[in-house]
Amino acid sequence: MLFYSFFKTLMGKRITVELKNDIVIEGLLHSVDQYLNLKINDIRIISHPKKELFGTLKNIFIRGSVIRYMHLPKDDIDTDILQDATRREHNTHRIVIDNKKK
């Protein structure tokens, strides 16, 4: 849930998504769900051998399992909040595991 919450904070921001089939798409993140499926508006195909085939597309839905990388805007990421949330989640899981051992 940590990544889901993180990506929800990026809604409305411009992101670049590289898919496992080497297509690179840039656009505005419209929505994200718990499976990290993305809906991106105002898209632009950055790299694809036949990118003219995508010329009329204005938005796209991307299944989370086909994403290789996401390039995020550096200015829109608050690393302090992300690191703090990661620590809290790690400590929560550690407490649960320790309680199961007893």
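Provided above is the structure to which this section pertains.
Residues numbered from 1 in each chain as written. Predicted model: local features only at pLDDT ≥ 70, side-chain atom pairs only at ≥ 80, totals over all residues. Heavy atoms only, no water.

Draft legend 1. Spatial organisation of the pairing of strand β2 (residues 24-32). Sheet analysis places strand β1 (residues 14-19) next to β2, joined by 5 bridges and oriented antiparallel. Paired with threonine 16 across the bridge in β2 is glutamate 26. As defined by bridge partners, β2 adjoins strand β3 (residues 38-47) across 7 bridges and the pair is classed as antiparallel. Residue valine 24 lies in a different strand from β3, and its bridge partner there is serine 47. Hairpin remark: β2 followed by β3, antiparallel, with 5 residues in the connecting loop; positive phi at leucine 36, about 60°. (Pairing = 2+ DSSP bridges. Helix = DSSP H or I, 4+ residues; strand = E, 2+ residues; numbered from the N terminus.)

Draft legend 2. Structural context of unusual backbone geometry. Notably, aspartate 22 is not glycine yet its phi reads approximately 75°, a positive angle. Within the secondary structure layout, aspartate 22 lies in the loop between β1 and β2.

Draft legend 3. Molecular detail of the sheet that holds strand β5 (residues 67-71). Reading across the sheet, the 5 strands line up as β4-β3-β2-β1-β5 and stay open at both edges, with antiparallel pairing between neighbours. A single partner strand is all that each edge strand has here, and the edge strands are β4 (59-62) and β5. The sheet shows a mean angle of 45° between the axes of neighbouring strands, taken without regard to direction. (Axes fitted to C-alpha atoms, helices over the stretch in contact; angles between N-to-C directions.)

No statement about biological role is implied by the geometric values presented.
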